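# Structural characterization, general
For reference, the chains in residue letters:
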Amino acid sequence: MPCDRCGLRIVTACQRSSLSVPLPPGLFAAGAAFIIGESQTDFAHNQYLRLFAGSFLTLAGLYVVHFLTVMLSIMAAIDAVSGEISSYTIQTIVTKPVGRAEVILGKWLGFGAMLILYIGFLTGGVLGTVHLMLNYDPPNALPAFGLFVLESLVLLSLSLLLGTRVTTLSNG
């Protein structure tokens, strides 16, 4: 049962609605505003402190983005193929006009597009929040985004590959 005093009802309602997508960047922005609000006068006078805070918040936010992306790329594809094989749904999907390779490629493209949008949204939220609050733009942000995408696509590929050969429990 959610508690009204600590605001858990709001989080639960947001997760159930279509507003669950902006929740991680919103939480990051709220935490960053709390950290920056505690020492706003120090940031206005000391440029090195602002640079340190911007670097720290960017690294902390991108660390969370990386962790969530890795988990999503593995967990989303674990049951995509092996679950359909064990429940015999794959016999319905793979009919004569559609080959097996086309089904796997379609799953890979669908999950890949979802991951790229997810990474773009979260990375943009972190970088935008830090830019708006501290006017800090990290160097080499675009190559970092590319590495996030590449890593998640490699993990997605491995998870789909293992899903064609082993059971869901072994793949996870």
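Now for a quick tour of the structure. (Residues numbered from 1 in each chain as written. Predicted model: local features only at pLDDT ≥ 70, side-chain atom pairs only at ≥ 80, totals over all residues. Heavy atoms only, no water.)

### Re the environment of glutamine 47
Its location among the elements puts glutamine 47 in helix 4 (residues 47–86). Of the residues examined, glutamine 47 reaches a relative accessible area of 53% and is grouped as exposed. Separated by 87 residues in the primary sequence, glutamine 47 and leucine 134 place their C-alpha atoms 10.0 Å from one another. (Helix = DSSP H or I, 4+ residues; strand = E, 2+ residues; numbered from the N terminus. Buried < 20%, exposed > 50% of the residue type's maximum accessible area, 1.4 Å probe, protein only.)

### As for helix 7 (residues 141–165)
Counted at 1.5 Å a residue, the expected span for helix 7 with its 25 residues is 36 Å, and the 37 Å between its end C-alpha atoms agrees. Of the positions making up helix 7, those classed as buried are Phe148, Val149, Ser152, Leu153, Leu156, Ser159, Leu160 and Gly163. (Expected span 1.5 Å × (residues − 1).)

### Focus: the packing of helix 6 (residues 100–134) against helix 7
In the contact formed by helix 6 and helix 7, the axes pass within 10 Å of each other and the chain directions differ by 150°. Between helix 6 and helix 7, the interaxial angle falls into the category roughly antiparallel. Crossing geometry of helix 6 relative to helix 7 is assigned as right-handed. Along the contact surface, helix 6 presents Ile104, Lys107, Trp108, Phe111, Gly112, Leu115, Ile116, Ile119, Gly120, Thr123 and Leu127, while helix 7 presents Ala141, Phe145, Phe148, Val149, Ser152, Leu153, Leu156, Ser157, Leu160 and Thr164. For the contact of helix 6 with helix 7, the class distribution of residues is 14 nonpolar, six polar and one charged. (Axes fitted to C-alpha atoms, helices over the stretch in contact; angles between N-to-C directions. Parallel < 35°, antiparallel > 145°, perpendicular 65-115°, else oblique. Left-handed = near helix turned anticlockwise from the far one by under 90°. Contact = heavy atoms within 4.5 Å. Nonpolar A, V, L, I, M, F, W, Y, C, P; charged D, E, K, R; others polar.)

### So, a nonpolar patch on the surface
Taken together, the side chains of Leu147, Leu150, Val154, Leu158 and Leu161 present a nonpolar region at the surface, about 480 Å² in accessible area. As for its position among the elements, leucine 158 is in helix 7. (Patch = residues over 30% accessible without salt bridge, like charges linked within 9 Å, V, L, I, M, F, W, Y side chains within 5 Å. Areas by Shrake-Rupley, 256 points an atom, 1.4 Å probe, with all protein chains shown as cover. Salt bridge = Lys/Arg side-chain N within 4 Å of Asp/Glu carboxyl O.)

Limitation: the analysis is restricted to geometry and does not speak to function.
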